[in-house]
Amino acid sequence: MENVSSHKHFILNGFHELGELRPVLFIPFFIMFVVSLLANSLLLYVIISQRSLHSPMYILIAGMVCVDLSLPLFFVPNMLLSFLFDWRGISLIGCLVQMHFIHFVGTFQSTLLVWMALDRYFAICTPLSYHQRMALPKFIKFIIPFVVRNVLMITLFVCLAGKLSFCAGNVINHCFCEHIAMVELACGSTAINNLVGLSSVLLIPVVDFIFIAASYVVIFTSVLRSGRSGVKALHTCITHIVVITVSLTIALVAFLSYRIRNGLPAAVRVFFSTMYLLFPSCFNPIIYGIRTTEIRQHILMILTCCHFLQTVPQ
């Protein structure tokens, strides 16, 4: 395949159907971006600053916060500039780097939920050995395989995308370098890219959610057998399940919108794909802050203290 005619510069053309109304999108996406940054920063500060929250469960929540805090940074600022100033250009290398970071960090949205499910399983089903099982030397055997899997799968399909010749066009109908949207521009066969992309979906989020579902089935079965004493321990599980349900729903809609093309407008597909990354970053810190009693109490203390300092006469 000749590489001479392959495009090295791309145009991110998401929501172009809106025409002159496209800059209006700056307002809702900017609000979501600010909410994401503020909510996740506050939650991370509370967990780091309070020694009582340095237990494994809260450390895993802090890990999720770090993912939710960093993921929008890889594409939202560029997207906002595109809305406001019509800056849509990106180089091939820049596109591949952005794709790698978005997809790699994004994989940990589901992987961290796996580790949280394991944490709740050990806490509820084996409470006497909980701290021993959750100690890093023991728990690392659950960390390394998932991290290696995520690194290998994402690096593989990004490298394969980088080897394609993009002579069919250079306009990506998206607001960031999404894998499927970019591969569609390639000339020649993309069967291996589609296969690896589909395999990544099956081996990362699908496997993770099967693992999570199995863990919570065992947890709920154990609680029902133990009777009333284990009901209180389910409170945090319900919080995780709410987060899982929202994440899975948006992920399925975003995935199916690209795989099943039944006259769905391109702008709708771009919207769902963007929400898949951005909405959990806004939703997760709010739901954890509201439903997790210890975190909620510390947040209220900080906000009360700030309000008191503002009302004290100078």
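Note that this is a predicted model, so its numbers are computed, not measured. (Residues numbered from 1 in each chain as written. Predicted model: local features only at pLDDT ≥ 70, side-chain atom pairs only at ≥ 80, totals over all residues. Heavy atoms only, no water.)

Overview of the overall build of the chain
Right, so step 1: Each helix and strand in the chain was counted, giving eleven helices and three strands.
Right, so step 2: The N-to-C order of helical and strand elements in the chain reads β-α-α-α-β-α-α-α-β-α-α-α-α-α.
Right, so step 3: Considering only C-alpha atoms, the chain reaches an extent of 65 × 55 × 35 Å along its principal axes.
Right, so step 4: Relative to its 314 residues, the chain shows a buried fraction of 46%.
Right, so step 5: If you sum the accessible surface of the chain, you get close to 15800 Å²; carbon and sulfur atoms cover 72% of it.
Right, so step 6: Taken as two groups, the 18 positive and 10 negative side-chain charges of the chain have centres that lie 16 Å from each other. (Helix = DSSP H or I, 4+ residues; strand = E, 2+ residues; numbered from the N terminus. Buried < 20%, exposed > 50% of the residue type's maximum accessible area, 1.4 Å probe, protein only. Areas by Shrake-Rupley, 256 points an atom, 1.4 Å probe, with all protein chains shown as cover. Lys, Arg positive; Asp, Glu negative; His and termini not counted. Charge placed at Lys NZ, Arg CZ, Asp CG, Glu CD.)

Details of the state of the cysteines
Right, so step 1: Tallied over the full model, the rule gives two disulfides.
Right, so step 2: Paired through a disulfide, Cys95 and Cys177 show a sulfur-sulfur distance of 1.9 Å. With the S-S bond torsion at -120°, the cross-link from Cys95 to Cys177 turns out left-handed. Residue Cys95 is located in helix H4 (residues 92-125), and its partner Cys177 is located in the loop between strand E3 (171-172) and helix H7 (179-183); the two are separated by 82 residues in the primary sequence.
Right, so step 3: Judged by its relative accessible area of 0%, Cys95 falls in the buried class.
Right, so step 4: Here Cys177 falls in the buried class, since its relative accessible area comes to 1%.
Right, so step 5: Here Cys167 connects covalently by a disulfide to Cys187, the sulfurs 1.8 Å from one another. Between Cys167 and Cys187, the S-S dihedral sits near 130°, and the bridge is therefore right-handed. (Disulfide = S-S within 2.5 Å.)

Brief notes about a nonpolar patch on the surface
Right, so step 1: Together, Leu18, Leu21, Val24, Ile27, Phe30, Ile31, Val35, Ile286 and Ile290 give the surface a local cluster of nonpolar side chains, amounting to about 800 Å² of exposed area.
Right, so step 2: Taken together, the elements giving at least two residues each to the nonpolar patch come down to helix H1 (26-49) and helix H10 (266-291).
Right, so step 3: Structurally, Leu21 is set in the loop between strand E1 (9-12) and H1. (Patch = residues over 30% accessible without salt bridge, like charges linked within 9 Å, V, L, I, M, F, W, Y side chains within 5 Å. Salt bridge = Lys/Arg side-chain N within 4 Å of Asp/Glu carboxyl O.)

Focus: the pattern of salt bridges
Right, so step 1: Using the criterion set out here, one finds three salt bridges in the structure.
Right, so step 2: Note that Arg88 is salt-bridged to Asp86, the shortest N-O span being 2.4 Å.
Right, so step 3: Asp86 sits in the partly exposed class, given a relative accessible area of 45%.
Right, so step 4: One salt bridge in this structure joins Arg149 and Asp208, with 2.9 Å as the shortest N-O distance. Linking Arg149 in helix H6 (residues 136-162) with Asp208 in helix H8 (residues 191-226), this pair joins segments that are 59 residues apart in sequence.

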